[in-house]
Amino acid sequence: MRVYLDLVILLNFAVNYGLLRASARLTGASPGPWRLGLGAGVGAVYAGLCVLPGLTFLSGNLWKVVFLGLMVMTAFGVGWQQMRQGVVVLCLSLAMGGALLCLGLGGLWNILLAVLVIGLLAVFFCSGAMTHAGQLVPVTISLGGKQVALTALRDSGNTLKDPFSGRSVLVAQADAASRLLPVEAGALSDPAGAMERLLALGHRCRLIPYRVLGGEGMLLAVQCDRVTVNGKGAAPMVAFAPGQLSPQNTYQALTGGGQYE
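1. Side note on the overall build of the protein chain
- Regarding its fold elements, the protein chain presents seven helices and nine strands.
- The long-range share in the protein chain, meaning contacts at least 24 apart out of those at least 6 apart in sequence, stands at 61%.
- Carbon and sulfur atoms make up 64% of the accessible area of the protein chain, which amounts to about 14100 Å² in all.

Take a look at the structure:
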């Protein structure tokens, strides 16, 4: 059987790029097209090596895992988050294999159709479903002509909601309040007293109950003029925690899954 090396590489590049793109969409990652292209190129070169005489041993499962890891690291980088993306790429690859079985294995158009089907499923049914665990996103809060820019951690365990409206509430640390409101950061340790002073100044605010593993309490929440999370409009109610949210100040706010308007 004659094998055309250039077609093997080009076809695998297209398939790998589609899988990496779908994985990025599912996990909320945002690598540039060039990084996805480099990652797809690593996988395509590997596929080409597998068909060369004397290198067919590379088609073993161990080498598949090794080059899958190299492909993912090239496209997304190195870290625990990237390991999760590698698992997603692997699952998508297995799903594509299942789709090929349904379509009757082999053939250029069957392979491309399988990639298209998997990609469409990722876009229309699963997009954003895995974006909340550990991702850092930019946040802006505007109030009374003042604006602060923060980094927020997407925390799927953050289910804080406004009990009146039922909408999600962004949680920001104390120093953000001192930059937006006429209160000192230390005043948030007494949220009821801080709310009384802010109400007297015409601010719209309330107390919101919260519960964590170590206990429960109340947070001062203020109705802001505008809140954006990762460039998208979000619910304008912001709750202010009395201390710092991250020990290394890696992030200054917490946002949950339903934060968009």
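Having put the structure on the table, let's press on.
2. Looking at the pattern of salt bridges
- Throughout the structure, instances matching the rule amount to one salt bridge.
- Residue Asp162 pairs with Arg206 through a salt bridge whose shortest N-O separation is 2.6 Å. With a gap of 44 residues between them, Asp162 in the loop between β2 (146-154) and β3 (170-172) and Arg206 in strand β4 (residues 205-212) connect regions that are remote in the sequence.
- Overall, the relative accessible area of 24% leaves Arg206 in the partly exposed class.

3. With respect to the packing of helix α2 (residues 33-50) against helix α3 (residues 61-76)
- Two elements in contact, α2 and α3, have axes whose closest approach is 7 Å; the angle formed by their N-to-C orientations is 160°. In terms of orientation, α2 and α3 fall into the roughly antiparallel class. Handedness of the α2/α3 crossing: right-handed. Between α2 and α3, the contacting residues are Arg35, Leu36, Leu38, Gly39, Ala40, Val42, Gly43 and Tyr46 on the first element and Trp63, Lys64, Phe67, Leu70, Met71, Met73, Thr74, Ala75 and Phe76 on the second.

4. Brief notes about the sheet that holds β2
- Spatially, β4-β5-β8-β3-β9-β2-β1-β6-β7 is the arrangement adopted by the nine strands of the open sheet, whose pairing is mixed. What marks the edges here is a single partner per strand, and that holds for β4 and β7 (232-234). With strand direction ignored, the average angle separating the axes of adjacent strands in the sheet is 35°.
- Pairing analysis gives three bridges linking strand β6 (residues 226-229) to β7, with the strands arranged antiparallel. The residue of β7 that forms the bridge with Thr228 is Gly233.

5. Points about the nonpolar core
- Core analysis: the biggest nonpolar cluster contains 29 residues, and Ile141, Leu181 and Phe240 have the highest contact counts within it.
- For this core, the secondary structure elements donating two or more residues are β1 (136-143), β2, β3, α6 (174-180), α7 (191-200), β5 (215-223), β6 and β8 (237-240).
- Apart from residues lying up to four places away in sequence, Ile141 is in contact with Lys146, Gln147, Val148, Leu150, Leu170, Ala172, Leu180, Cys224, Arg226, Val227 and Val238.
- By size, the runner-up hydrophobic cluster in this structure holds twelve residues, among which are Ile208, Leu219, Ala221 and Tyr251.

Thresholds, definitions, all that
Residues numbered from 1 in each chain as written. Predicted model: local features only at pLDDT ≥ 70, side-chain atom pairs only at ≥ 80, totals over all residues. Heavy atoms only, no water. Helix = DSSP H or I, 4+ residues; strand = E, 2+ residues; numbered from the N terminus. Contact = heavy atoms within 4.5 Å. Areas by Shrake-Rupley, 256 points an atom, 1.4 Å probe, with all protein chains shown as cover. Salt bridge = Lys/Arg side-chain N within 4 Å of Asp/Glu carboxyl O. Buried < 20%, exposed > 50% of the residue type's maximum accessible area, 1.4 Å probe, protein only. Axes fitted to C-alpha atoms, helices over the stretch in contact; angles between N-to-C directions. Parallel < 35°, antiparallel > 145°, perpendicular 65-115°, else oblique. Left-handed = near helix turned anticlockwise from the far one by under 90°. Pairing = 2+ DSSP bridges. Core = buried A, V, L, I, M, F, W, Y, C linked by side-chain atoms within 4.5 Å.

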